[in-house]
Amino acid sequence: MTRYLYLTRHGEATPDESGLTANGRRQAALLGERLKDVPLSAVHHGPLPRAAQTARLIAEHLPGVPVRVSEAAGDYLPYVPAKEELPSEHADRLLGFLAGFPADGGARLARQAEELFTGPVEEPRHELVVTHNFLIGWLVRAALDAPGWRWLGINHCNAALTVIRYSPDRPSSVLFFNDMAHLPPELRWTGFPPELRL
Ligand SMILES: O=C(O)[C@@H](CO)OP(=O)(O)O
């Protein structure tokens with residue numbers, strides 16, 4: 001049967017990343033409002049406070065929907081490519097970027113996230129995962145069967161919405177990507193690399 005995976009990145013974080021800003025809390029509440037009529041069976045979130053707080057604020061609009069912490073929804077590097085996999089003109093910049101993050105355990109967690117959150121299911125299912133920029137890039141890449149390195153360069157705004165559909169009879173389909181329709185202009189594009197914003 002079909003699974004609909006709703007993905008969001010936590011709301012805008014404070015500079016020390018210990019929680020959400022006032023804007024981040026508002027973003028989360030607005031996303032909760034947007035999702036209130038979706039028949040969600042669960043909200044999963046990463047263990048870090050910015051994801052946990054976002055999930056709680058969203059869930060205030062989803063009475064009865066269980067909220068569960070999942071290590072697989074955390075913040076990690078899902079895949080570190082070898083230099084030869086990368087387009088030569090971008091390889092040094094991309095590897096320099098990746099060197100700024102710890103790589104331990106990310107591949108295992110990324111596999112776990114794919115097992116837990118993707119693919120067709122026994123019963124129709126809608127689930128929300130409140131996570132971080134990198135995992136959303138990884139799952140969008142996987143849905144499109146793009147090469148492993150291609151999660152790089154897929155960025156997501158805070159509290160924007162991506163929805164991926166997995167069904168047994170069609171290839172996986174990205175229905176929404178980085179959709180910000182529920183956010184007013186002043187709350188859009190936060191968390192996104194400034195030089196890439198529209
Ligand atoms: O550090 C970052 O750039 C991303 C990586 O996933 O994390 P977050 O979404 O928590 O900002």
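Residues numbered from 1 in each chain as written. Predicted model: local features only at pLDDT ≥ 70, side-chain atom pairs only at ≥ 80, totals over all residues. Heavy atoms only, no water.

## Quick look at the layout of surface pockets
Point 1. The space that makes up the largest pocket amounts to roughly 560 Å³.
Point 2. Taken together, 24 residues line the largest pocket, and the ones lying closest to its centre are Phe 97, Asn 133, Phe 134, Asn 155 and Pro 193.
Point 3. A breakdown of the residues in the lining of the largest pocket according to their chemical character gives 11 nonpolar, 7 polar and 6 charged. (1 Å grid on protein atoms, 1.4 Å probe; cavity = no way out; pocket = protein on both sides within 12 Å on 5 of 7 lines; lining within 4 Å. Points joined across faces, edges and corners; volume = space filled by probe spheres on them. Nonpolar A, V, L, I, M, F, W, Y, C, P; charged D, E, K, R; others polar.)

## Points about the pattern of salt bridges
Side-chain pairs of opposite charge can arise whenever the charged atoms involved come near each other.
Point 1. Under the counting rule described, the total for this entry stands at 9 salt bridges.
Point 2. Here Glu 186 and Arg 26 are joined by a salt bridge, their closest N and O atoms 3.8 Å apart. Pair noted here: Glu 186 is in the segment after strand 6 (170-179) and Arg 26 is in helix 1 (residues 22-35), with a separation of 160 residues, a long-range link.
Point 3. Take Arg 26: its relative accessible area is 41%, and that puts it in the partly exposed class.
Point 4. If you follow the salt bridges from partner to partner, you end up with Arg 3, Arg 125 and Glu 127 in one network. (Salt bridge = Lys/Arg side-chain N within 4 Å of Asp/Glu carboxyl O. Helix = DSSP H or I, 4+ residues; strand = E, 2+ residues; numbered from the N terminus. Buried < 20%, exposed > 50% of the residue type's maximum accessible area, 1.4 Å probe, protein only.)

## Points about the site of the ligand
Point 1. Every residue close to the ligand is listed here: Arg 9, His 10, Arg 50, Asp 75, Phe 101, His 132, Asn 133 and Phe 134.
Point 2. Contacts to the ligand include Asn 133, whose backbone N or O atom sits 2.9 Å from an oxygen atom.
Point 3. Here the ligand loses 85% of its free accessible area of 310 Å² to cover by the protein chains.
Point 4. With respect to the detected pockets, the ligand is housed in the largest pocket.
Point 5. Classifying every residue of the shell around the ligand gives 2 nonpolar, 3 polar and 3 charged. (Near = heavy atom within 4 Å. Polar contact = N/O pair within 3.5 Å; in protein donor to acceptor, adjacent residues only side chain to side chain. Areas by Shrake-Rupley, 256 points an atom, 1.4 Å probe, with all protein chains shown as cover. Sits in = over half its atoms within 2 Å of the grid points.)

## Description of unusual backbone geometry
Most peptide bonds take the trans form, and the phi angle of most residues other than glycine is negative.
Point 1. Backbone geometry places Asp 145, a non-glycine residue, at a positive phi of 55°.
Point 2. Turning to its location among the elements, Asp 145 is positioned in the loop between helix 5 (133-143) and strand 5 (161-167).
Point 3. You can call Asp 145 exposed: its relative accessible area is 68%.
Point 4. The backbone phi angle of Ala 159 is positive, close to 60°, even though this residue is not glycine.
Point 5. Topologically, Ala 159 is positioned in the loop between helix 5 and strand 5.
Point 6. Here Ala 159 falls in the buried class, since its relative accessible area comes to 0%.

## Comments concerning the packing of aromatic side chains
Point 1. Counted under the stated rule, the structure contains 6 aromatic pairs.
Point 2. When the ring of Trp 189 is compared with that of Phe 192, the centres are 4.9 Å apart and the planes differ by 85°; the resulting orientation is edge-to-face. Exposure class is identical for Trp 189 and Phe 192. Each is buried.
Point 3. Members of the aromatic cluster, each reached through a chain of ring pairs, are Phe 97, Phe 101, Phe 134 and Trp 151.
Point 4. Over the face of the ring belonging to Phe 176 we find Arg 34, whose NZ or CZ atom lies 5.2 Å from the ring centre.
Point 5. Cation over ring: Arg 141 sits above Trp 138, and NZ or CZ is 4.0 Å from the ring centre. (Phe/Tyr/Trp six-rings, centres within 6.5 Å; stacked < 30°, edge-to-face > 60°. Lys NZ or Arg CZ within 6 Å of the ring centre and 35° of its normal.)

## Brief notes about the environment of Asn 23
Point 1. You can see Asn 23 is positioned in helix 1.
Point 2. Every residue in contact with Asn 23, bar those within four places of it in the chain, is listed here: Glu 12 and Leu 187. (Contact = heavy atoms within 4.5 Å.)

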